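One-letter residues, chain by chain:
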2 protein chains.
Amino acid sequence: MGVLRGLRVVESSAFVAVPSAGMTLAQMGADVIRIDLPGGGMDAARWPVTPDGRSLFWAGMNKGKRSVAIDVADPRGRELAAELICAPGPDAGCFITNLPARGEMSFASLRERREDVIMVSLKGTRDGGPAVDYSVNPALGFPMATGPEGSADPVAHVLPAWDLIAGQMVALGLLAAERDRGRGRGGQLVELALKDVAAAVLGHCGIIGEVVVNGVDRPKYGNALYGGYGQDFLCADGRRVMVIGLTGRQWKSLVKVTGVGVPMAALGSRLGLDLNEEGARFRARDEITALLRPWFAARTVEDFAGSFDAAGVTWSVFRSFAEAVREDPDLSPENPMFHAVDQPGIGRFPVPASPISFGAMAPDRPRPAPELGQHTEEVLADVLGLASGQIGALMDSGVIAGPVPA
Amino acid sequence: MGVLRGLRVVESSAFVAVPSAGMTLAQMGADVIRIDLPGGGMDAARWPVTPDGRSLFWAGMNKGKRSVAIDVADPRGRELAAELICAPGPDAGCFITNLPARGEMSFASLRERREDVIMVSLKGTRDGGPAVDYSVNPALGFPMATGPEGSADPVAHVLPAWDLIAGQMVALGLLAAERDRGRGRGGQLVELALKDVAAAVLGHCGIIGEVVVNGVDRPKYGNALYGGYGQDFLCADGRRVMVIGLTGRQWKSLVKVTGVGVPMAALGSRLGLDLNEEGARFRARDEITALLRPWFAARTVEDFAGSFDAAGVTWSVFRSFAEAVREDPDLSPENPMFHAVDQPGIGRFPVPASPISFGAMAPDRPRPAPELGQHTEEVLADVLGLASGQIGALMDSGVIAGPVPA
């Protein structure tokens, strides 16, 4: 069911951004039909993969969708795709894509077929140039501001953050346009570019202002939290922790629980800084860290975890991915968001439902990703009303495909 | 105007996630009223700041909103805030927050006042524990998988990626719930937790499956693109570039334009790998990089930029933030998303409009952030119909505040 029950969205996509948009909408209850080439799209084998080459990534990004395999390189395939996109119904006529939509699948063509169609198109750059998360990120400065202080080496991010942000924006743009359509104002083409999404964030976070107004080119500050206090520490057991003192409350609880109130006050006096101000804490971060370092070096995480939590300190152990899965209750069945799901061809493992919980709805339960082409017949029959003979003929001609037999 | 014209959203927030949600909705045309304490909320002085302490961050995250200063620590202030949230109108009754909503501002109280109210509440952890982007990130594994291969040191991210993803989800959750309400199904409480947003992404990207199904704990791979080919290179002019060969097309254009087709084929033969497969390229990444390194080392960026672009290579120079602002046309007025905006108290600098463009709407033009309390009188008069005498009395009692005189 879900809050978006009834909404139908057709997706033609690859990789992270638009697949994650469709998956988000599917987990909120929309009927999301992903169109792929027979044999799979560009992301069909995206890593991580299982030892026999099944993509764990694809399974993650396509949960709860229906999969239709159509050869959109063939005009007959594009015609079918356009019919699916433009199928009747007040809650249909929605299309999201990050692939070039040519011919029958272009917005102009779709609009001829269904006047109130909504298409959300994500490009790399706004002029159609190639750009992916891992090329956008270096261009805009983050890798040169990430990593150890003083280093000249860029550090690329591992999380495809821009893709994930852009993906939520694709879903948001769709709902906004669909809201407008529901008010009788028609459909429209909604466009965004991955690089513009990132460029806008540079503005939103004040970084463009910092360059232009302040004339400052922010360097690497290691793991220090910029503009406040936040730092990593090595503990006696060899583990590392991050502690945060951004807000006044966070700062006070950290100082209190580590018992450094007196030397911290002396430090502030010596430096002529009011360490209750976040900016002062950032300026004095090295001295603060020097003061706290012996405290952490003398203790194991177990020694202080309980008192930190009781005092409401904002902190965390650094974990590897496997440590996180093993240790963190938020990644375990203790978290009602996770359910063991049987993913055909892969196996049973913990899969997240939507992190957004709607109070008036039953909680979402995650569904597996489809097999490629699993719903080709079903969708063409249900949505387009094709007879089995027509579907068979399309299969024979290679315009569509069902699931690959195991 | 904008696609969300008419929608009114009240925001009580601080820092990144919910402010960015409100700002996104405001840039799409919603009337977003941000409530802050007189004197400002926890993020009023968030860095970067100008030399005289004005927050460039706050200005970036609150563009296009109206600002109302209400002392919500005072029950009379909470009463006023609740009245604002629950003011009549089919497109009102929407509240987004990442602060504890107590008493009159709790969902239960709001619902008594307006049965179809929608409240989106973002917490740190789902049980209400403290968590911020910079503590969530270490807990879930990314810093231990980021940075130079072989290093044991965690590398924290600089971009508050989780906050930004969660912010878009807050906006999305609001529109989804408002869509449902528009279908006569009432309002609801929508909840999400920053840590769950991140934990879900760990699942979506296949990382939990990689741990549980494959038994693999992904190590640091430096700047290599995991599972495909992507690497940074030092050029003859001292600049660094990132080149991407994730898709077949990207890979072929990179091999062709660098003229390494013959040795690359020989490399594949020698290793017994088909380098047309993305996973094979990842396995052979060190050998591929060794083959390409001399090519880049012998050339300046200027030497190859034109041919890379002409060949459709997916690549980028690494830039600092200031270099990006100076050099990248996508951060300049060449990009219609950017406009010079006069931000009171700060000055004139390039500010991004919404990166989402709606074809049926005039392009968004960015508006400055309000001064704190700039719209207190206007909003209390227009939305609640308070008379100037009532507003004056509330000002005198300190329950509300107007802008601080310059």
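The structure this text deals with has already been given above.
Since the model is a prediction, treat every value here as computed from it, not as a measurement.

The rules behind the values
Residues numbered from 1 in each chain as written. Chains lettered and ligands numbered in written order. Predicted model: local features only at pLDDT ≥ 70, side-chain atom pairs only at ≥ 80, totals over all residues. Heavy atoms only, no water. Helix = DSSP H or I, 4+ residues; strand = E, 2+ residues; numbered from the N terminus. Contact = heavy atoms within 4.5 Å. Areas by Shrake-Rupley, 256 points an atom, 1.4 Å probe, with all protein chains shown as cover. Lys, Arg positive; Asp, Glu negative; His and termini not counted. Charge placed at Lys NZ, Arg CZ, Asp CG, Glu CD. Buried < 20%, exposed > 50% of the residue type's maximum accessible area, 1.4 Å probe, protein only. Arc of directions from axis to C-beta. Least-squares fit on C-alpha atoms with pLDDT ≥ 70 in both. Disulfide = S-S within 2.5 Å. Pairing = 2+ DSSP bridges. Axes fitted to C-alpha atoms, helices over the stretch in contact; angles between N-to-C directions.

## Notes on the overall build of chain A
Reasoning step 1: Looking only at helices and strands, one finds 16 helices and 13 strands in chain A.
Reasoning step 2: With the C-alpha coordinates aligned to their principal axes, the bounding extent of chain A is approximately 85 × 50 × 40 Å.
Reasoning step 3: Intrachain contacts of chain A at a sequence separation of at least 6 include 68% that bridge at least 24 residues.
Reasoning step 4: Element-wise, carbon and sulfur atoms account for 52% of the exposed surface of chain A, whose accessible area totals about 14500 Å².
Reasoning step 5: Measuring between centres, the 39 positive side-chain charges of chain A sit 4 Å from its 47 negative side-chain charges.

## Some words on helix H13 (residues 301–310) of chain B
All names here are of chain B.
Reasoning step 1: Three or more residues of H13 are buried, namely Val301, Phe304, Ala305 and Phe308. End-on, the buried residues of H13 take up no more than an arc of 125 degrees, which puts them together on one face. Facing away from the buried surface of H13 by more than 90 degrees, the exposed residues are Glu302, Asp303 and Ala310.
Reasoning step 2: Structurally, H13 contributes buried residues whose contacts are with strand S8 (240–245), helix H9 (248–258), helix H12 (285–297) and strand S9 (314–317).
Reasoning step 3: Where H13 ends, the next residue or the one after it, Gly312, has phi of about 70 degrees, a positive value.

## So, the relation of the copies chain A and chain B
Reasoning step 1: Overlay of chain A on chain B (RMSD 0.0 Å): rotation 180 degrees, translation along the axis 0.0 Å. Interpreted geometrically, this transformation is the action of a two-fold axis.

## Some points on the state of the cysteines
All names here are of chain A.
Reasoning step 1: By the definition in use, this model includes zero disulfides over all chains.
Reasoning step 2: Left without a disulfide partner, Cys94 is nearest to the cysteine sulfur of Cys86, which lies 10 Å away.
Reasoning step 3: The exposure class assigned to Cys94 is buried, which follows from its relative accessible area of 1%.

## A short note on the sheet that holds S8(B)
Residues and elements named next belong to chain B.
Reasoning step 1: Here three strands make up an open sheet; going across it, the order is S7-S8-S9 and the pairing antiparallel. Looking along the sheet, the strands with just one partner apiece sit at the ends: strand S7 (229–234) and S9. Averaged over all adjacent pairs, the angle separating strand axes in this sheet is 15 degrees, with direction ignored.
Reasoning step 2: Alignment of S8 against S9, held across four bridges, turns out to be antiparallel. Residue pairing across strands places Met242 opposite Ser316, the latter belonging to S9.
Reasoning step 3: Against the sheet, H9 makes contact with S7, S8 and S9, and its axis sits at roughly 130 degrees relative to S8, the strand it touches most.
Reasoning step 4: Sitting on the sheet, H13 touches S8 and S9, and the angle it makes with S9 is about 150 degrees.

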